[in-house]
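# Results of the structural survey
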Amino acid sequence: MLIQRNPNGIDLPFSSEITPRAVFESRRDFIRQIAVGSIASASLLEIANREAFAQSPTAQKLAAAVNPAYALMEKKTSYKDATTYNNFYEFGTDKADPAMTAGSLKPRPWSISIEGEIKKPMTLDLDSLLKLAPLEERIYRLRCVEGWSMVIPWVGYSLSQLIKKVEPNSNARFVEFITLEDKKQMPGLRSPVLEWPYVEGLRLDEAMHPLALLTFGMYGEVLPNQNGAPVRIVLPWKYGFKSAKSIVKIRFTKEQPRTAWNIAAPSEYGFYSNVNPEVNHPRWSQASERRIGEDGLLSRKRKTLMFNGYSDVAALYAGMDLKKFF
Ligand SMILES: Nc1nc2c(c(=O)[nH]1)N[C@H]1C(S)=C(S)[C@@H](COP(=O)(O)O)O[C@H]1N2
Ligand SMILES: [Mo]
C-alpha cells in the first residue's frame, strides 16, 4: 500500500487504497453530483440516515408511516449507539450495562393497569394497547440531563389517545407512570441507587399534549429490552429521565406524584424537568450538549434549545417561573 506523509507528520493511506475502486469511483460521481446541485439536501439526509438503519436481525418489525409533523430533520443516531448507550438503572448504572443484562426482561405477555381518578379503570394487554390507535413513526431528539442527545425514530401514538379512553374524572390533575419492579428480571434492583419501582409523573395537561408519545418501537422494530420494552413513554421536551421505561401501571391522581430522580436528589431534579439551557444543573451547565456517535466525548458544541426545540409546549407553562419550577 502506498503511504503518503501528510503535513502533520501522520502516515495516512490514500483513500483510493483503502476503498475498493468501484466504490471510490461512484463516490467521486456522487460528490460531483452534490457539487452541481443535482442531489437535493433532503436526499443527502436520507443517505446519512441509511447507516442508522442497521437493525437487529432477529427483532420483530413494527413499521409505521412517518408523521411529517414530528419528523425532526436531523441525522438519526445509529441503531447501535441507541441500543448500547442506555440509562436503565434496573439493569445497571453503566451505559453499556442494559444492552448486556436486559436479556432477562420478558416483554411478553405484558399488560398495563390503568387506575385512580378515572371513570373507566382497566387493564390492557399489549395487543389491545397496540390496537388502540394507529401507530406513527416520530423522529424526536432525546436530551439526557447528563448533557448528551440522540435522534431516534420512535414508533407509537399520542398518550392522549389512551387517556381519552379511560376518561379522567374531575379530580384527575396528574398522571403517574410506574415501571416494572421484578428482581428476577431486573438485576439492577439489588442496588439501592434509586428507590424502586422507578416512578415518573406529569401534570394531566402535559400528558395530553400531542408530543407525549406512548412508545412501542424504534427504528421500525419493537423496542429492544434496554430501551424500555415493551412499552414506555417519550417526552421530547423534557430531560430523558422523565421518559419512564417498561411501564406496568398508569395512575391518575389529585396530588403531584413523587418521581424517582426527585426522591433521589430533590435539589438537582425537579418535577417538571423541562429541557432549559438557562437553568443549570447544580453541578454542570445545561447550555450545550454533545450528540452521541457524532461529537467527541468532551465536545459539547451543540447549543441546547429551550424545551429541546419543542417550543409548541410553551403554552403549558405560561405564567410559571421555570427557574423555580425546574
Ligand atoms: N425505568 C426507567 N426508565 C428510564 C430510566 C431508568 O433508569 N429506569 N432512565 C431514563 C434516562 S436517564 C434516560 S436518558 C432515558 C434513556 O432512554 P434510551 O436508553 O432509550 O435512550 O430513559 C429514561 N427512562
Ligand atoms: Mo438521562
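Residues numbered from 1 in each chain as written. Chains lettered and ligands numbered in written order. Predicted model: local features only at pLDDT ≥ 70, side-chain atom pairs only at ≥ 80, totals over all residues. Heavy atoms only, no water.

## Digging into the overall build of the chain
To be explicit about the condition: The way it works is that DSSP assigns letters per residue, a run of H or I at least four long becomes a helix, a run of E at least two long becomes a strand, and they are numbered from the N terminus. Note on classification: 1.4 Å probe, protein chains only; a residue is buried when its accessible area is under 20% of the maximum for its type, exposed when over 50%, partly exposed between these limits. Contact criterion: two residues are considered in contact whenever any of their non-hydrogen atoms come within 4.5 Å of each other. Surface accessibility follows the Shrake-Rupley procedure with a 1.4 Å probe radius. Residue values consider only the protein chains on display as shielding.
Looking only at helices and strands, the chain has nine helices and 15 strands in total. Taken across its 326 residues, the chain has 49% of its residues classed as buried. Contacts in the chain between residues far apart in sequence, at least 24 positions, make up 69% of those at least 6 positions apart. Here the chain has roughly 15900 Å² of accessible surface; of this, 55% comes from carbon and sulfur atoms.

## Section: the sheet that holds strand E8 (residues 174–179)
One key point about sheets: their strands pair by backbone hydrogen bonds, in either a parallel or an antiparallel sense. Basically, it comes down to this: When DSSP locates at least two bridges between a pair of strands, those strands are taken to pair. To get an axis, a line is fitted to the C-alpha atoms, and for a helix only the part in contact is used. The angle between two axes follows their N-to-C directions and goes from 0 to 180 degrees.
With mixed pairing, five strands are arranged side by side in an open sheet as E5-E4-E13-E8-E9. The outermost strands of the open sheet, each flanked by one partner alone, are strand E5 (122–125) and strand E9 (199–203). If you compare each strand with its neighbour and ignore which way they point, the axes differ by 20° on average. Relative to strand E13 (residues 247–253), strand E4 (residues 111–116) is paired through four bridges, and the arrangement is parallel. Its bridge partner lying in E13, glutamate 115 is registered against arginine 251.

## A closer look at the environment of arginine 50
Tracing the chain through its elements places arginine 50 in helix H3 (residues 41–50). Take arginine 50: its relative accessible area is 61%, and that puts it in the exposed class. Sequence-wise, arginine 50 and serine 78 are 28 residues apart; in three dimensions their C-alpha atoms are separated by 9.0 Å.

## Let's talk about the UniProt feature "binding site: Mo-molybdopterin" (unreviewed entry) in the chain
The test is simple: UniProt positions are given in the numbering used here, feature names are shortened, and annotations may be inferred rather than shown by experiment.
Annotation from UniProt places "binding site: Mo-molybdopterin" (unreviewed entry) at Asn86, Tyr89, Glu90, Cys144, Thr179, Asn227, Arg232, Ser243, Ala244 and Lys245. Tracing the sequence through the fold places glutamate 90 in the loop between helix H4 (79–84) and helix H5 (97–101). Residues contacting glutamate 90, with those up to four places away along its chain left out, are Thr179, Met186, Pro187, Gly188, Leu189, Trp196 and Tyr198. You can see serine 243 is positioned in the loop between strand E12 (232–234) and E13. Here serine 243 is in contact with Arg232, Ile233, Val234 and Leu235, once residues within four sequence places are set aside.

## With respect to unusual backbone geometry
Of the consecutive residues tryptophan 196 and proline 197, the connecting peptide bond is found in the cis state with omega at -5°. Tracing the backbone shows proline 197 in the loop between E8 and E9. With omega at -10°, the peptide bond leading from alanine 229 into proline 230 counts as cis. Examined against the element boundaries, proline 230 turns out to sit in the loop between strand E11 (221–222) and E12. Even without being glycine, serine 273 reaches a positive phi, approximately 50°. Locating serine 273 in the fold gives a position in the loop between helix H9 (260–264) and strand E14 (288–291).

## Notes on the site of ligand 1
Filter applied, for reference: For this description, a residue counts as near a given molecule or strand if any of its non-hydrogen atoms is within 4 Å of it. Here a polar contact is taken to be a pair of N or O atoms separated by no more than 3.5 Å, where protein atoms must pair a possible hydrogen donor with a possible acceptor and residues adjacent in sequence count only if both atoms sit in side chains.
The local shell around ligand 1 holds 18 residues, among which Asn86, Tyr89, Glu90, Arg232 and Lys245 are the closest. A distance of 2.9 Å is found between a nitrogen atom of ligand 1 and a backbone nitrogen or oxygen belonging to serine 243.

## Points about the confidence of the model for the chain
What counts is decided by this rule: pLDDT is a per-residue confidence score from the predictor, ranging from 0 to 100.
Looking at the chain as a whole, its pLDDT mean stands at 90, while 87% of the residues score no less than 70. Predicted confidence for residues 1–35 stays below pLDDT 50, and this span has 26 contacts to residues more than four positions away or in other chains.

## Considering the pattern of salt bridges
The cut-off we apply is this: Here, a salt bridge means any Lys or Arg side-chain nitrogen found within 4 Å of an Asp or Glu carboxyl oxygen.
Evaluation of the coordinates by the stated rule reveals 19 salt bridges. For arginine 143, the salt bridge goes to glutamate 289, with nearest N and O atoms at 3.1 Å. Residue arginine 143 is located in strand E6 (residues 136–143), and its partner glutamate 289 is located in strand E14; the two are separated by 146 residues in the primary sequence. For the pair arginine 143 and glutamate 289, one class covers both residues: buried.

## Here's the deal with the environment of threonine 83
On the secondary structure map, threonine 83 appears in helix H4. You can call threonine 83 buried: its relative accessible area is 6%. Distance from threonine 83 to glutamine 55, taken between C-alpha atoms, is 9.8 Å for residues 28 residues apart in sequence. Apart from the residues lying within four places of it in its own chain, the contact partners of threonine 83 are Ala99, Met218, Pro224, Gln226 and Asn227.

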